[in-house]
Amino acid sequence: MGLLTVIKKVKAKEKEIRLLMVGLDNAGKTTIVKNLCGEDVSKTSPTLGFEIKTLAHNGYKLNIWDVGGQTTLRSYWRNYYEQTEGLIWVIDSTDVRRLEDCKRELHKLLVEERLAGATLLIFANKQDVSGAQSQEDLLKALELDKMGERHWRIVSCSGVTGEGVGKGLDWVVEDIAARIYMFNN
Amino acid sequence: MVELPELENEILAGEVYDEEDLAADDNESFFEVVDSGEGQNERTNLIDAVVGKLEDILVDESFESVRLRFCEENCLIFEEGEENKLEYTEAFRSFSDLVETTLVENLKAEFPDFTVSWFCDLLKDKPCDGEVFDMLFSLSDFEEFKQMMLDFKKREGGDGVAVSRMKIYSEEQEDGDHRPDLDLSSLHIRPLAN
């Protein structure tokens, strides 16, 4: 860890948690973030770079990094792994055609050393749309049976209606907090 | 700067607690606080020296010119707006590396034992307050970095004079009268003979 990182950690007044939102393009990452921040979710354009949103949540300061998911952008995800405590993987539950893509990209992340300690929350998004796969079906398709020690969970949600979004966030924050802040409460 | 009086009080309190644990609970008014010194003072002096050196590095002209050159070379990719371009991340990384290298090299030159963990041990339990740490904190933050680049770009757009002071996050003024900051952009100091 570098000198600046150390100073940043020591000086941070609130307990901070860094979350990284990734997933295929059009999965609904930005919409979920907007929903969490209480912003208008009716129009969202594809993210071509990244956005950082800061949110106060249960006494923690969450820094949510929302990075674009288009094919050409995925190779840049690696630049955001450092110090990520929670990984939020968003799936468009209606996009059956690209489930294979989705599985491949997710499994790539799971073998990343820098993300090895990160808690994983999978959002089965767009549950409000007809034709959405259930979280059980998605799990089967994603073949997540070899997760080892990782803390992970799948939560059904809708970024548009907000259903399930808060529940997922609560879980991921609680899990991370128990892991990294249990000794200095 | 580290506030000396406060630090010393803390050290004294700590020492008393360690040595007179039980007595402290029962008759608090009976013992005198004596600074037995030694290791603790040495550490305080070392902390002062390190913080002083950090300050020297940060205000040094060579660091400032490196920073300005970096801004000049990289500010054009920055644009107002909430969404960030992926290139910002690369620029931020280069900038962090630049700052980190400058700090570490200069600290090593003065304190041969310096490593990041040595620094952590030294400052353990000490409040990292003061302008130096505020400045270092600003330098380590992505949003501050983005703002610095945008400010630089905006100013440079004018008459070609590219000067911007580093933005410093700081606490409220605690004592004394508030004075406006020195406008360093209009201040020129030249050595008498050159």
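Just so you know, these numbers come straight off a predicted model, no measurement behind them.

The rules behind these values
Residues numbered from 1 in each chain as written. Chains lettered and ligands numbered in written order. Predicted model: local features only at pLDDT ≥ 70, side-chain atom pairs only at ≥ 80, totals over all residues. Heavy atoms only, no water. Salt bridge = Lys/Arg side-chain N within 4 Å of Asp/Glu carboxyl O. Helix = DSSP H or I, 4+ residues; strand = E, 2+ residues; numbered from the N terminus. Buried < 20%, exposed > 50% of the residue type's maximum accessible area, 1.4 Å probe, protein only. UniProt positions renumbered as here; feature names shortened; annotations may be inferred. Contact = heavy atoms within 4.5 Å. Polar contact = N/O pair within 3.5 Å; in protein donor to acceptor, adjacent residues only side chain to side chain.

**Some thoughts on the pattern of salt bridges**
All names here are of chain A. Within this structure, the stated rule accounts for 21 salt bridges over all chains. A salt bridge links Glu100 to Lys103, with the nearest nitrogen and oxygen atoms 3.7 Å apart. One end of the pair, Glu100, and the other, Lys103, are both in helix α3 (residues 99-110), three residues apart, so they sit about a helical turn from each other. Classification of Glu100 as exposed rests on a relative accessible area of 52%. For Lys103, the salt bridge identified is with Glu143, shortest N-O distance 3.1 Å. Here Glu143 lies in the loop between α4 (135-142) and β6 (152-156) and Lys103 lies in helix α3, a separation of 40 residues in the sequence. Taking relative accessible area as the criterion, Glu143 reaches 43% and is therefore assigned partly exposed. Look at the salt bridges and you will find they share partners, linking Asp25, Arg74, Asp95, Arg98, Glu105 and Lys108 into a network.

**A word on the UniProt feature "binding site: Mg(2+)" (unreviewed entry) in chain A**
Residues and elements named next belong to chain A. In the numbering used here, UniProt assigns the "binding site: Mg(2+)" (unreviewed entry) feature to Thr30 and Thr47. The largest pairwise C-alpha distance within this set of annotated residues, which runs over 18 residues, is 7.6 Å, so the set is compact in three dimensions. Not counting residues up to four positions away in its chain, the partners in contact with Thr30 are Thr44, Thr47 and Asp66. Tracing the chain through its elements places Thr47 in the loop between α2 (29-36) and β2 (50-57). Residue Thr47 is classed as buried on the basis of its relative accessible area of 9%. Engagement of the side chain of Thr47 in a polar contact is seen with the side chain of Thr30, the distance being 2.8 Å.

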